[in-house]
Amino acid sequence: QVLERGFEISEDTTKYHIYVDVSSPQGTRELLEKLLQENHAMSHVIIGTTGDLPEDLIKKYPESMIKVVSNFSEGIQTINALLIQSAQLLKEFTCKITDIHHIKKKDKPSGTAKTFKSIMINNKYADPDIISVREGDVVGQHCISFDNEYESLEIIHIAKDRKLFAVGCVNMIKSIYLTDRENCVM
């Protein structure tokens, strides 16, 4: 079910206990305000919106019921895990993050590039530079490069088709659903 602007939360709406928000920071604010206000904070929320999100409302929501994801790609999720290890193992290297997207992309740098940077900083790595390029109709390319005097390493992700985001989102929903079933939360 798709919720439009000005939506109402009803019993019919809450029977779908996983909300996926890919709207805008304002749309995210409106959704969380309604869910919290109408005491539906036991509904799962997946926020795939990037930008200036309402952190105050996100923190009010039960931590086990909300996920903020800057990118639904399974490849990006793998890179996030690799970066945690890289931050520990490559402390003597400098790091640079490059994100390339289509010219209509609204945020610069991308939420994915910001997530990469946050992972590195949260794992006590020096603050990496981000270079953002907007050109043509590029779906999305990210490169994390590590460099020192003797060698260079790169982790590269190229999104070939926007469908990967839908597939990743559906897989995340399935994972939440299966976890709920195992824990009898439904």
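Here the residue numbering is sequential within each chain, running from 1 through the sequence in written order. Local features in a predicted model are, by the rule used here, given only for residues with pLDDT of at least 70; side-chain atom pairs are given and counted only at 80 or more, and totals for whole chains, interfaces and linings are based on all residues. As a convention, hydrogens and water are excluded, and side-chain values are obtained from all of the structure's heavy atoms.

K.L.:
Quick question: what am I supposed to make of the layout of surface pockets here?
P.N.:
Rolled over the atoms, a probe with the dimensions of a water molecule shows which regions are left empty. Considering only enclosed or pocket space, the largest pocket measures out at about 750 Å³ in volume. Only DSSP runs of H or I reaching four residues or more are called helices, and only runs of E reaching two or more are called strands; each is numbered from the N terminus. Secondary-structure elements contributing two or more residues to the lining of the largest pocket are α5 (111-122), β6 (140-147), β7 (152-159) and α6 (163-183). Residues that form the lining of the largest pocket fall into these classes: 10 nonpolar, 16 polar and 5 charged. Cavity: a set of points on a 1 Å grid over the protein atoms alone where a 1.4 Å probe fits but cannot get out. Pocket: an open set with protein on both sides within 12 Å along at least five of seven lines, its lining residues, like those of a cavity, having an atom within 4 Å of a point. Grid points are joined across faces, edges and corners, and a volume is the space filled by probe spheres set on the points. Polarity classes work like this: nonpolar for Ala, Val, Leu, Ile, Met, Phe, Trp, Tyr, Cys and Pro, charged for Asp, Glu, Lys and Arg, and polar for all others, with Gly in that last group.

K.L.:
I'm lost on the packing of aromatic side chains in this one. Help?
P.N.:
Two descriptors summarise a pair of aromatic rings, namely the distance from one centre to the other and the angle between the planes of the rings. Two rings belonging to Phe, Tyr or Trp (six-membered ring only in the last case) form a pair when the distance between their centres is within 6.5 Å. Interplanar angles under 30 degrees mark stacking, angles over 60 mark edge-to-face geometry, and anything in between is tilted. Inspection of the entire model under this criterion finds 1 aromatic pair. Here the aromatic rings of Y125 and F146 are separated by 6.2 Å at their centres, their planes lie at 90°, and the arrangement is edge-to-face. In this pair, Y125 is assigned in the loop between α5 and β5 (129-134) and F146 in strand β6, connecting sequence segments 21 residues apart. By relative accessible area, Y125 is classed as buried at 6%. The cut-offs for exposure are 20% and 50% of the maximum accessible area for each residue type, with area from a 1.4 Å probe on protein chains only; residues under the lower value are buried, those over the upper are exposed, and the others partly exposed.

K.L.:
Sorry, what's going on with the side chain of S43 here?
P.N.:
Among the structural elements, S43 can be located in the loop between α2 (25-37) and β2 (44-47). S43 gets classed as buried once you look at its relative accessible area, which sits at 6%. Not counting residues within four places of it along the chain, the set of residues in contact with S43 comprises H17, Y19, Y61 and M65. Here, residues are in contact when the closest pair of their heavy atoms is within 4.5 Å.

K.L.:
Looking at this structure, I do not really get α2. What am I missing?
P.N.:
Here a helix's expected span is defined as the number of its residues, less one, multiplied by 1.5 Å. Between its first and last C-alpha, α2 extends 18 Å over 13 residues, near the 18 Å set by a 1.5 Å rise per residue. Along α2, the positions that sit buried rather than exposed are G27, T28, L31, L32, K34 and L35. Mapping the buried residues of α2 onto a view down its axis gives an arc of 160°, with all of them on the same face. The elements touched by buried residues of α2 are β1 (18-21), β2, α3 (55-60) and β3 (66-68). The arc under discussion is defined with respect to the helix axis, by the directions toward the C-beta atoms.

K.L.:
Before we go on, may I ask you to explain the sheet that holds β6 in this structure?
P.N.:
Working definition: the strands of a sheet are paired by backbone hydrogen bonds and lie parallel or antiparallel to each other. At least two DSSP bridges between two strands are required for those strands to pair. Taken in spatial order, the 4 strands line up as β5-β4-β6-β7 in an open sheet, and their pairing is mixed. Strands with a single pairing partner mark the edges of an open sheet, and in this sheet they are β5 and β7. In this sheet, adjacent strand axes meet at a mean angle of 10° when their direction is disregarded. Bridge analysis of strand β4 (residues 94-101) against β5 gives 6 bridges, and the strand direction is parallel. Lines fitted to C-alpha atoms define the axes, with helix axes restricted to the stretch in contact, and inter-axis angles between N-to-C directions lie between 0 and 180 degrees.

K.L.:
Just checking my understanding: could you explain the pairing of β4 for this structure?
P.N.:
Working note: regular strand, side chains alternate between the two faces of the sheet. With 6 of its 8 residues buried, β4 lies for the most part within the structure. We call a crossover right-handed when, viewed with the strands running away from us, the connection from the first strand over the helix to the second turns clockwise. Between the parallel pair β4 and β5, the chain is carried across by α5, and the sense of this crossover is right-handed.

K.L.:
Looking at this structure, how should I read the environment of S23?
P.N.:
One can find S23 in the loop between β1 and α2. Through-space distance from the C-alpha of S23 to that of T49 is 6.0 Å; in sequence the pair is 26 residues apart. Aside from chain neighbours lying at most four places away, what touches S23 is T28 and T49. Any pair of nitrogen or oxygen atoms within 3.5 Å is treated as a polar contact; in protein, a donor-acceptor pairing is required on top of that, and neighbouring residues in sequence qualify only through side-chain atoms on both sides. Here the side chain of S23 touches D21 through a polar contact of 2.5 Å, side chain to side chain.

By themselves these figures say nothing about function.
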